[in-house]
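What the coordinates show
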Amino acid sequence: MKRIRTPMHRYGEADFDTDYLRWGFHDPETQLREEESILRIAGGEGRLRILDLACGPGVHAIHWAKQGHTVTGVDLSETFIALAQERASREGVAAEFIVSDIRNFTCRETYDVVTWIENSFFDEALVNRVRQCLRPGGCFVFDVRNPENARTKSRQGNWRTWREENGIFYLE
């Protein structure tokens, strides 16, 4: 039998969001652990201002907003932002969602926490611009795409873990 592979669309290309909806998100239990771990890493007391870059359909952002945090989600995909707005509305959650390419996004305010989770590319210039978005002492949490990601997606159950080493937190 001949196997035909469909190429994955890259960030910013047409149908990227459709591809990502098909393969890109973790199970709800893993997402919840990520959301809680990020708040623990940030270590802030009370309501936090959180910027969720490349927020996708807003799963993390909506969770944080439900907990009373002020959340802004940014994503290039109009499809993802529409899904996030629809879900937030359905769940009675106040969160701001903006359609924008995060490579060109300019912060209008500062945040306690900026996240860039499950990114589909790495952009050093973007990482440097995040500094402008963070309040003094703020926290930037991001992960780096692992070339083994496609293989590990086939694992069963909750396999991602957080660890701390010398004040740096790692998501594995």
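That block above? That's the structure.
Quick caveat: nothing in here was measured; it's all calculated off a predicted structure. (Residues numbered from 1 in each chain as written. Predicted model: local features only at pLDDT ≥ 70, side-chain atom pairs only at ≥ 80, totals over all residues. Heavy atoms only, no water.)

**What about the overall build of the protein chain?**
- When helices and strands are tallied, the protein chain shows six helices and seven strands.
- Written out in order from the N terminus, the α and β elements of the protein chain read α-α-β-α-β-α-β-β-α-β-α-β-β.
- Among the 172 residues that make up the protein chain, the fraction classed as buried is 43%.
- Considering only contacts in the protein chain between residues 6 or more positions apart, those separated by 24 or more positions represent 62%. (Helix = DSSP H or I, 4+ residues; strand = E, 2+ residues; numbered from the N terminus. Buried < 20%, exposed > 50% of the residue type's maximum accessible area, 1.4 Å probe, protein only. Contact = heavy atoms within 4.5 Å.)

**Considering the sheet that holds strand β4 (residues 111-116)**
- What the five strands build is an open sheet, ordered β3-β2-β1-β4-β5; its pairing is parallel. Each edge of the open sheet is held by one strand with a lone partner, namely β3 (96-99) and β5 (134-142). With strand direction ignored, the average angle separating the axes of adjacent strands in the sheet is 20°.
- Note: strand β1 (residues 49-53) against strand β2 (residues 70-75), five bridges, orientation parallel. By the bridge assignment for β2, Ile 50 is matched with Val 71.
- Strand contacts of helix α3 (residues 59-66): β1, β2, β3 and β4, with the helix running at about 170° to β1, the strand carrying the most contacts.
- The strands that helix α5 (residues 124-133) touches are β1, β4 and β5; relative to β5, the one it contacts most, it runs at about 145°. (Pairing = 2+ DSSP bridges. Axes fitted to C-alpha atoms, helices over the stretch in contact; angles between N-to-C directions.)

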